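Each chain, letter by letter, is given below.
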Amino acid sequence: MCSSLTHTQHKLLLTQKCSTRKLAENVSSKPKTASGSEITADHLLYTPEHFALKESLKKIIDQDINPYVDQWEAEGIFPAHKVFKLLGNAGFLGVNKPVEYGGLGLDFSYSIAVSEELGNIRCGGIPMAIGVQTDMATPALARFGSTELKKEFLLPSIMGDKVACLGVSEVGAGSDVATIKTNAVREGDEYVVNGGKMWTTNGTQADWMCLLANTSDSPSHKNKSLICLPMNSPGVHIARKIDNMGMRSSDTAEVFFDDVRMPCKNLIGQEGMGFTYQMLQFQEERLWACSNILTMMDNIIQETIQYTRQRKIFKMPVLYHQSVHFRLAELETEIELLRSLLHRSTALYIKCNDVTKLASMAKLKAGRLSREVGDSCLQYWGGMGFTSNVLVSRFYRDARLLSIGGGADEVMLSIICKYMDTLPKK
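The model shown is predicted, which means the values in this text are computed figures rather than measured ones.

Participant: Can you lay out helix α4 (residues 80–89) for me, pointing to particular residues and giving the numbers?
Facilitator: Buried residues of α4: A80, V83, F84, L87 and G88, and no others. Along the long axis of α4, the arc covered by the buried residues comes to 135 degrees, so they all point the same way. Of the surrounding secondary structure, the elements contacted by the buried residues of α4 are α2 (48–65), α3 (69–75), α6 (125–135) and α8 (147–158). The positive-phi residue at the C-terminal boundary of α4 is G91, with phi of around 90 degrees.

The structure is reproduced here in structure tokens:
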């Protein structure tokens, strides 16, 4: 099986190289990406291979995802196994994961490029679900998991045969990860898990969970471990599917654990290192989320320009009113500044630098800016913006999560202040 996977990956890489040559041949005509930006040889972060990867993904999005988004949004769920298998077959669920487990073995900048392209999906729920699979539930497993665990959980997740979810947040512990209450008590060669997780993306469809649980009575930053937990284990209960304000196509669940027995071999890395591993995962998660929302904001701005150019008020297009086109110019400027911060952070990260401060800044700014873009652009759509059948209203609902999930704005500010050494001394 491993040899056939390697062969498949080689075929994909060869296809990308061919696409890259075509891009190079056409560089004089300055082709456009899906977001309208020019593909150039002097991009600060992306090579022609990055753009070839994005174009390959764009075809899948246009043909197999976007035509069904409205249906999945109305149904409140999308077929995760079907979509993930499609993406896994094309190599998009393990771009920066090891080749021996089905990944492409590329650096994290390629994951950012994929995230950016996934922003062209016409909702927030599906990209978020994919991001949980690729950059939230699996990075620690890929880095610190045993060979046996990687074969059982990582490889099928990369290939799209298994759907993953991340079990961190709880009813009383969202952004404050240190205060989680779920316990995994060791009994012989097993852990006995009790507790519950809240706001679990992919929760009703997931095959396994990357679970953060307390495994000792040590201090809160040293008593947590990450465990691979199959969701069909006895004692795992999906309490309910949560009815969210936005991200309608993403299934979000509340999960309970009642004496769930897990083999100790399902531990990721070392016992007691779970908090540290999770903090490392957060760096990638926050950069990934920033990249994804940037493309969505690009699209909202462009669709608002098109709408306001043809929509007239007081005998002239809405766009031609100075307050409108000036505001759009301000938002576009903020978007480009955020993109520069993201690319700088990514460039440093792939060179093994600690970018916790920069990633927190990017996450903070992305959440706040997306709310500004959504609010301003919806206003310019007028009554149409208040209906549910236009992208701007969906974005307005979906983007609100970014300032809450994955670490609230206030937590990002605290992290930044910690690195600035401005927090009050205890």
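That covers the picture; the talk isn't over yet.
Participant: Residues and numbers for the nonpolar core, please.
Facilitator: Of all hydrophobic cores here, the largest spans 46 residues; its most connected members are I65, I121, I126, L229 and F257. Contact partners of L229, with chain neighbours within four places excluded, come to V193, W208, M209, L211, V236, F257, V260 and M262. Formed by 44 residues, the second largest nonpolar core is a distinct cluster that contains L45, I112, L328 and L369.

Participant: An account of the UniProt feature "domain: Acyl-CoA dehydrogenase/oxidase C-terminal" (unreviewed entry) in the protein chain is needed here, citing residue identities and associated values.
Facilitator: Per the UniProt entry, the sites bearing "domain: Acyl-CoA dehydrogenase/oxidase C-terminal" (unreviewed entry) are residues 272–418 in this numbering. For residues 272–418, the end-to-end C-alpha separation is 23 Å, with 74% helix and 3% strand making up the annotated structure.

Participant: Report on the UniProt feature "domain: Acyl-CoA dehydrogenase/oxidase N-terminal" (unreviewed entry) in the protein chain, specifying residues and quantitative values.
Facilitator: Those places that UniProt annotates as "domain: Acyl-CoA dehydrogenase/oxidase N-terminal" (unreviewed entry) correspond, in this numbering, to residues 47–160. Annotated as residues 47–160, this span is 66% helix and 0% strand, and its ends, taken at the C-alpha atoms, are 26 Å apart.

Participant: With reference to specific residues and values, describe α6.
Facilitator: Buried residues dominate α6, accounting for 11 of its 11 residues. Among the residues of α6, those classed as buried are G125, I126, P127, M128, A129, I130, G131, V132, Q133, T134 and D135.

Participant: Which residues make up the environment of E336, and what values go with them?
Facilitator: Position of E336 relative to the elements: it lies in helix α10 (residues 322–349). Along the sequence, E336 and G91 sit 245 residues apart, while their C-alpha atoms lie 29 Å from each other.

Participant: Tell me what's going on with unusual backbone geometry, and back it up with residues and numbers.
Facilitator: If you check the backbone angles, D259 has positive phi at about 50 degrees while not being a glycine. Structurally, the position occupied by D259 is in strand β7 (residues 252–263). In the Ramachandran plot, D421 falls in the positive-phi region, its phi being about 60 degrees despite a non-glycine side chain. Counting through the fold element by element, D421 comes out in the segment after α13 (409–420). Overall, the relative accessible area of 54% leaves D421 in the exposed class.

Participant: Give me the packing of aromatic side chains: which residues, what numbers.
Facilitator: In total, this model carries eight aromatic pairs according to the counting rule given. Seen in terms of ring centroids, F144 and Y277 are 4.1 Å apart; in terms of plane orientation they differ by 15 degrees. Their pairing is stacked. Of this pair, F144 sits in helix α7 (residues 139–144) while Y277 sits in helix α9 (residues 274–310), and the two are 133 residues apart along the sequence. Taking the relative accessible area as the measure of exposure, Y277 reaches 5% and is therefore buried. What links up through ring pairs into an aromatic cluster is the set Y68, W72, F78 and F84. A cation over a ring is seen here: R286 above F282, with NZ or CZ 4.5 Å from the ring centre.

Participant: Could you give an account of the pattern of salt bridges, naming the residues involved and the relevant values?
Facilitator: Once their charged atoms are close, side chains differing in charge can pair, the charge on each being opposite to the other. The final tally for this structure, using the stated rule, is 23 salt bridges. For E254, the salt bridge is made with R240, and the minimal N-O distance between the two is 2.8 Å. Placement of the pair is E254 in strand β7 and R240 in strand β6 (residues 236–241), with a sequence separation of 14 residues. A salt bridge links E372 to R327; its shortest N-O distance comes to 3.0 Å. Of the two residues, E372 sits in helix α11 (residues 356–381) while R327 sits in helix α10, which places them 45 residues apart along the sequence. Here the salt bridges do not stand alone but share partners, grouping K54, E116 and E117 into one network.

What counts, and at which threshold
Residues numbered from 1 in each chain as written. Predicted model: local features only at pLDDT ≥ 70, side-chain atom pairs only at ≥ 80, totals over all residues. Heavy atoms only, no water. Buried < 20%, exposed > 50% of the residue type's maximum accessible area, 1.4 Å probe, protein only. Helix = DSSP H or I, 4+ residues; strand = E, 2+ residues; numbered from the N terminus. Arc of directions from axis to C-beta. Contact = heavy atoms within 4.5 Å. Core = buried A, V, L, I, M, F, W, Y, C linked by side-chain atoms within 4.5 Å. UniProt positions renumbered as here; feature names shortened; annotations may be inferred. Phe/Tyr/Trp six-rings, centres within 6.5 Å; stacked < 30°, edge-to-face > 60°. Lys NZ or Arg CZ within 6 Å of the ring centre and 35° of its normal. Salt bridge = Lys/Arg side-chain N within 4 Å of Asp/Glu carboxyl O.

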